[in-house]
Amino acid sequence: MPIKDIPPGLDDVTVIVVTYDSAHCIAALANALVALPHVTVVDNASRDGTPAEVARLMPRARLIVNPANLGFGAANNLGLDGVSTPYALLLNPDCLITPHSIARLIETANELPNAVVVAPQLLDGQGNPQINYGWPRHVWTSRGAGADGPTSVGNACAAAWLLRCTGQPWRFDTDFFLYYEDEDLCLRVLKARQEVVIEPRSTAVHTNRGSVRGASPWRTEWGRGFHHSRSKILFQRKHRGLKRAQQTQRLALMLGTVEVFLRLLLLRPYLIARSAGRWAGMWHAFSPSQTPAKVRPTLTIAVLALNEEAQIEACLRSAAFADQLLVVDAGSTDQTVPMAQALGAEVHVYPDWQGFAVQRNRLLQHTTGDWVFFLDADEVIPPELAADIQQAIAPDHDAVFHVTWLHVAFGQPLTWMRRGNGIPRLFPVRQVLQFEGVVHEGACLKDPSIPHNTLTTRLLHHSRRTVHQSLLKVAQYAQLGAIKRLEKGQKGGLMRGFASGFTSFFRYYILQRGILCGRAGFLLSLVVALESFFRYAAMTVDRDNLQTPVTR
């Protein structure tokens, strides 16, 4: 291209092309990008001589050759790590874009500083527009005419993307080997209140499915089907929760079985391979990826303690699988601290008790893991729950995980009692801002919309060891509950307390089947009812004497 025809601004962009068996695309790509000063090609272990073609036809390009196929997102992340320009243009090898279209994308991005992604309108080989943008499928079904000017959208196909490289470093989630990684990143951009923009005045010609041409078309189709269906389930799990993902998986497996059978009747090999790949991808959706793994997320198990020498050993031994075992002590006068240290815990002592929320926030200050599980000193993690926790954090997708209790009261496990609704205990540390609340404190999250899931195995809760300890707990939690309700402007009173106590007893003893647990079930239900009664009684009788924080 003559120098006079080269548009300004191309020095501000690095083109990143990820290749895999794409030697047939390199000549056209080299011709289209000849005017671009910064080009990076990341090759995913091609078997058709792609790196040699890049070296021959694009000698000025930076070439990264991976020893294995890392997947689309991971390879793009490698290219992005070396970018020093304000923008990166992510471009599939089967996409052709002109310097003028690239310049238009840069111009639009400069005009819209809140836009993280600016994408061109994709065209097929005949010049017809492709549907390469829309909104998240579970939010709104896109319909109507296409954009005729720069338009904020929900997602755009990453076959051609201009990505802003200043500010927050946006990267693909490498759990998505192929497909859905672009939709995932777009959704994260929207949750961060930034924009994905389509710029229809900029176009790129996209030869759909044209970037890979291997020696075995059947194998290629199988791989496409496998990764598309597997990524679909991973996307559901990450953004809509484990339960929805499992429902989608079960339905897709049933429909996929029928589809494979029908394809076999048609005797069209590439369609059979694609359908079989989809079925296999659904089946293995929750299995660990066979691709080179990213660094395993680390786990902190954090415990609040005060004079817990009777149960701290069982608690901490059950949590020994954590990468960091952390204890924040409120000034124990017994052997809690030396026992915890002897068991390998990192212990920090804060004797100035200011409430449960403050102590949890102090725990967060010392947390080094990617994830944190909050464990009380009177709780024990069974081996099955430890496995559930490790499996939950393995994908490292932002979600909050709840646990349900198996009560152990007065020395007896109440196995016949129903599960409760669960309490949030496992958090991605990057999401937790702080804890708030006098009692049963809650976490304030950066993104309150992240999924909430419930772990399968129950947590052993030794909540009531003796009658004496139970009555002391009644006094403490009745006072805490009274303070919490007064702060919300609620009213107390003996009749309200009686009604609350009766309701609590009925719920625990009858609805949650404490009646099936003998003496221990009755005592637990009665203790909970007493706590409910005295909570409302204290709001009236002790109103002027309630203090916060309540001494433990």
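What you are looking at is a predicted structure, and each value in this text was computed from that prediction instead of being measured. (Residues numbered from 1 in each chain as written. Predicted model: local features only at pLDDT ≥ 70, side-chain atom pairs only at ≥ 80, totals over all residues. Heavy atoms only, no water.)

1. Observations regarding the pairing of strand S6 (residues 115-123)
Buried residues dominate S6, accounting for nine of its nine residues. Both S6 and strand S11 (residues 195-206) contribute to a ladder of eight bridges, which runs parallel. Bridge pairing links alanine 119 to isoleucine 198 in S11. Relative to strand S10 (residues 160-164), S6 runs antiparallel, the two sharing two bridges. By the bridge assignment for S10, valine 118 is matched with leucine 162. (Buried < 20%, exposed > 50% of the residue type's maximum accessible area, 1.4 Å probe, protein only. Helix = DSSP H or I, 4+ residues; strand = E, 2+ residues; numbered from the N terminus. Pairing = 2+ DSSP bridges.)

2. Comments concerning the environment of alanine 23
Here alanine 23 shows up in the loop between strand S1 (13-19) and helix H1 (26-32). In contact with alanine 23, not counting residues within four places along its chain, are Asp48, Gly49, Thr50 and Glu53. (Contact = heavy atoms within 4.5 Å.)

3. Observations regarding the packing of helix H13 (residues 467-487) against helix H15 (residues 518-541)
Relative orientation of the contacting elements H13 and H15 amounts to 45°, with a least axis distance of 8 Å. Viewed along their axes, H13 and H15 adopt a mutual orientation that is oblique. Judged by the sense of rotation from one axis to the other, the crossing of H13 with H15 is right-handed. Where H13 approaches H15, its residues Ser470, Val474, Tyr477, Ala478, Gly481, Ala482, Arg485 and Leu486 are matched on the opposing element by Val527, Leu530, Glu531, Phe534, Arg535, Tyr536, Ala538 and Met539. (Axes fitted to C-alpha atoms, helices over the stretch in contact; angles between N-to-C directions. Parallel < 35°, antiparallel > 145°, perpendicular 65-115°, else oblique. Left-handed = near helix turned anticlockwise from the far one by under 90°.)

4. Looking at helix H7 (residues 242-266)
Spacing of three or four residues puts side chains on the same side of an α-helix, whose turn is 3.6 residues. With 25 residues, H7 ought to run about 36 Å at 1.5 Å a step, and its terminal C-alpha atoms sit 35 Å apart, in line with that. Listed as buried for H7 are Leu242, Ala245, Thr248, Gln249, Leu253, Gly256 and Val260. (Expected span 1.5 Å × (residues − 1).)

5. Things to note about the sheet that holds strand S23 (residues 452-454)
An order of S14-S13-S12-S15-S20-S17-S23 is seen for the seven strands of this open sheet, with the pairing classed as mixed. Each edge of the sheet is formed by a strand with only one pairing partner; in this case those strands are strand S14 (346-349) and S23. Adjacent strand axes in the sheet meet at a mean angle of 25°, parallel and antiparallel pairs treated alike. With respect to the sheet, helix H11 (residues 356-366) is in contact with strand S12 (299-305), strand S13 (324-329), S14 and strand S15 (371-376), its orientation differing from that of S13 by roughly 145°.

6. Quick word on the sheet that holds strand S24 (residues 459-464)
Read across the sheet, four strands follow the order S16-S24-S18-S19 without closing on themselves; strand pairing throughout is mixed. Since the sheet does not close on itself, it has two edges, and those belong to strand S16 (379-380) and strand S19 (412-413), each with one partner. In the sheet, strand S18 (residues 405-409) pairs with S19 via two bridges, with the strands oriented antiparallel. Paired with alanine 409 across the strands is glutamine 412, a residue of S19. Strands in contact with H15 are S18, S19 and S24; relative to S24, the strand with the most contacts, it is inclined by about 70°.

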